[in-house]
Amino acid sequence: MGAFRSPWLRPAFEAVDREVFAPEMFWGYDTDDDGRHLVLNKAADEDGWRRTVWNAHRSLIMQMNDAVGPEQGPFKGDFSSSISALDIVFEKLNQLEVEAGHKVLHIGTASGYDSALLCEGVGSANLTTIEFDPVLAAWGAKNLEGAGYSPTAICGDGLDGWAPTAPYDRVIATAAVRSIPRQWIEQSKEGAIILAPFNTLYARGGLLKLQVREGTASGRFVGGACYMWMRSHRPEHRINPGDESRKEASPIDPDEILGRGWVLDFTMGLYLPDVSFAHRGEGESRQVQLWDRSGTSVAIVNYGDWWGDNSVTLYGSRNLWGELVHAYSAWRNVGQPHYTRYGLTVDSAGEHLWLDEPSNVIRS
Ligand SMILES: C[S@@+](CC[C@H](N)C(=O)[O-])C[C@H]1O[C@@H](n2cnc3c(N)ncnc32)[C@H](O)[C@@H]1O
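Here the structure is a predicted model, which means the values were calculated and not measured.

Calculation criteria
- Residues numbered from 1 in each chain as written.
- Predicted model: local features only at pLDDT ≥ 70, side-chain atom pairs only at ≥ 80, totals over all residues.
- Heavy atoms only, no water.
- Helix = DSSP H or I, 4+ residues; strand = E, 2+ residues; numbered from the N terminus.
- Rg over C-alpha atoms; globule rule 2.2 N^0.38 Å.
- Buried < 20%, exposed > 50% of the residue type's maximum accessible area, 1.4 Å probe, protein only.
- Contact = heavy atoms within 4.5 Å.
- Areas by Shrake-Rupley, 256 points an atom, 1.4 Å probe, with all protein chains shown as cover.
- Lys, Arg positive; Asp, Glu negative; His and termini not counted.
- Charge placed at Lys NZ, Arg CZ, Asp CG, Glu CD.
- 1 Å grid on protein atoms, 1.4 Å probe; cavity = no way out; pocket = protein on both sides within 12 Å on 5 of 7 lines; lining within 4 Å.
- Points joined across faces, edges and corners; volume = space filled by probe spheres on them.
- Nonpolar A, V, L, I, M, F, W, Y, C, P; charged D, E, K, R; others polar.
- Near = heavy atom within 4 Å.
- Polar contact = N/O pair within 3.5 Å; in protein donor to acceptor, adjacent residues only side chain to side chain.
- Sits in = over half its atoms within 2 Å of the grid points.
- Salt bridge = Lys/Arg side-chain N within 4 Å of Asp/Glu carboxyl O.
- Pairing = 2+ DSSP bridges.
- Axes fitted to C-alpha atoms, helices over the stretch in contact; angles between N-to-C directions.

Visitor: Outline the overall build of the protein, supporting the account with residue identities and numerical values.
Guide: Of regular secondary structure, the protein possesses ten helices and 19 strands. The globule rule puts the C-alpha radius of gyration for 364 residues at 21 Å, and the 22 Å found for the protein is close to it. When burial is assessed residue by residue, the protein has 52% of its 364 residues classed as buried. Excluding contacts between residues fewer than 6 apart, the proportion of contacts in the protein whose partners are at least 24 apart in sequence is 60%. Approximately 16,100 Å² of the protein is accessible, and the part contributed by carbon and sulfur atoms is 48%. With 33 positive and 48 negative side-chain charges, the protein shows a spacing of 2 Å between the two charge centroids.

The following block contains the structure:
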């Protein structure tokens, strides 16, 4: 589990029993031949259940498609609630730099496990925790009460923050955003830290750590944190190009930009946060498709003959392949920095991406 840099974390992890917060049944990562996730049931296999609960790298999936629970049996769907894996719970609480007596806002209560850890750190009276789903909110609150914790537990949309118990020293999200809500900043004290998993439509899974000063939040991406989306931040994935298209050549082999791993994908997503991509086809007919949020601008690039005059097909007003090639060149021109050298400033004018220093703005 790594070193305990924040001294409060060791006694907190010792005091909170993860098994008390884990449901009797949850889905694991193993799937059957139809791709359905298999259920771990404490009553049927207590050892297997316990091994998974304590596996530092495994989250315990307890809801899919916003409604389906593991009592339904093997299931294939979109994960909508889980108990996060121990390693990322630990990393995030460490990054939060919590001190005794801090007032903390936690968004994404679910089981209540990391709310309980936070109660150990700051005291129940100083924690407000919010869960969107009413069934999960009631279950999380019950778990917390049963384990002896009494934070302010709210069922609501955490993107609005929670004004009645503001201002906060720390705001921590355990679901991913694609922009930082103004309310979180407005409900923060001077010097507060906001820590949130941050996704772009291009690539998921960054961890953003901001500090609030005079109504502006600014800070870097400090690592990776793959979380499910905040419910209203989920992408819609509309693809709706018109009939008119144009063709052009690609200045670059798509393999140079795509398929090189998460670090480059995440970095490109910082430059092009509203562009999604997906691959289709195989071998010589493999293509990458990019589309913008409206779904009207689309680019399709052939891998097999990428050097040909007509390898790129474009729809709509934007040239998304040109934009991606431009972002890649811009990144190369500044020395191919790691994504942790990038940061975000959020002020009343919007979000500004910077490299190394907030004054070195790359995108506004
Ligand atoms: C990965 S789970 C959180 C895990 C939790 N911290 C635990 O230890 O059990 C993410 C949770 O965020 C909740 N959520 C998603 N969008 C939300 C929102 N806008 N406001 C509050 N909760 C939200 C989901 O319903 C889900 O239960």
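Visitor: Explain the layout of surface pockets to me, and be specific about the residues and the numbers.
Guide: In this structure, the largest pocket spans a volume of roughly 950 Å³. Among the elements that make up the lining of the largest pocket, the one with the highest residue count is strand 4 (residues 79-83) (five residues). When grouped by side-chain class, the residues that make up the lining of the largest pocket number 21 nonpolar, 15 polar and nine charged. Lining of the second largest pocket is provided by P23, M25, M62, Q63, A67, V68, G69, P70, E71, V135, L136 and W139. For the lining of the second largest pocket, the secondary-structure elements that each account for two or more residues are strand 3 (60-64) and helix 6 (134-146). For the lining of the second largest pocket, the element with the most residues is helix 6, which contributes three residues. Tallied by class, the residues present in the lining of the second largest pocket amount to nine nonpolar, two polar and one charged.

Visitor: Got a sec to walk through the environment of L117? Specific residues and values, please.
Guide: Tracing the backbone shows L117 in helix 5 (residues 113-122). Given a relative accessible area of 0%, L117 falls into the buried group. Between the C-alpha atoms of L117 and W8, which are 109 residues apart in sequence, the distance is 9.5 Å. Excluding residues that lie within four positions of it along the chain, L117 makes contacts with W8, A12, F13, V16, V89 and L93.

Visitor: Quick rundown of the site of the ligand? Include the residues and the values.
Guide: S81, S111, D114, E131 and R231 are the nearest of the 24 residues found near the ligand. The contact in question runs from an oxygen atom of the ligand to an N or O atom on the side chain of S81, over 2.7 Å. D157 is positioned with one of its side-chain polar atoms (N or O) 2.8 Å from a nitrogen atom of the ligand. If the ligand stood free it would expose 600 Å²; the protein chains cover 99% of that surface. Here the ligand is seated within the largest pocket. Among the elements that line the shell around the ligand, the one with the most residues is strand 4, at four residues. Of the residues that constitute the shell around the ligand, the class distribution is nine nonpolar, eleven polar and four charged.

Visitor: Residue-level account of the pattern of salt bridges, with values.
Guide: Within the structure shown, the criterion is met by 17 salt bridges. Put simply, R332 and E256 hold a salt bridge, and the shortest N to O gap is 3.4 Å. Residue R332 is located in helix 10 (residues 320-333), and its partner E256 is located in helix 8 (residues 254-257); the two are separated by 76 residues in the primary sequence. Take R332: its relative accessible area is 41%, and that puts it in the partly exposed class. Ionic pairing is found between R318 and D274, a salt bridge with its closest N-O pair at 2.8 Å. In this pair, R318 is assigned in the loop between strand 16 (312-315) and helix 10 and D274 in the loop between helix 9 (262-271) and strand 13 (275-280), connecting sequence segments 44 residues apart. Given the relative accessible area of 24%, D274 is considered partly exposed. Several salt bridges converge on common partners, so that one network encompasses D66, D133, R231 and R234.

Visitor: A description of the sheet that holds strand 13 should follow, citing residues and the corresponding values.
Guide: The strand order across the open sheet built from five strands is 12-16-15-14-13, with neighbouring strands paired in antiparallel fashion. One side of each edge strand has no neighbouring strand; the edge strands of this open sheet are strand 12 (245-248) and strand 13. The sheet shows a mean angle of 20 degrees between the axes of neighbouring strands, taken without regard to direction. Summarising the sheet, strand 15 (residues 298-302) and strand 16 pair through four bridges and their orientation is antiparallel. The residue bridging V301 from the neighbouring strand is V312, located in strand 16. Strands strand 13, strand 14 (287-292), strand 15 and strand 16 of the sheet are contacted by helix 10, whose axis makes an angle of about 95 degrees with strand 14.

Visitor: Before we move on, could you go through empty space enclosed by the protein and cite the residues and values that matter?
Guide: In the structure shown here, the tally under the stated rule is one cavity of 30 Å³ or more. As a volume, the largest cavity reaches approximately 60 Å³. The wall of the largest cavity is formed by R178, L201, P235, E236, H237, R238, S276, W291, D292 and R293. Partitioning the lining of the largest cavity into residue classes produces three nonpolar, two polar and five charged.

Visitor: Give a detailed account of helix 9, specifying residues and quantitative values.
Guide: Most of helix 9 is tucked away: eight of the ten residues are buried. Within helix 9 the residues assigned to the buried category are L264, D265, F266, T267, M268, G269, L270 and Y271.

In short, shape yes, function no, at least from these values alone.
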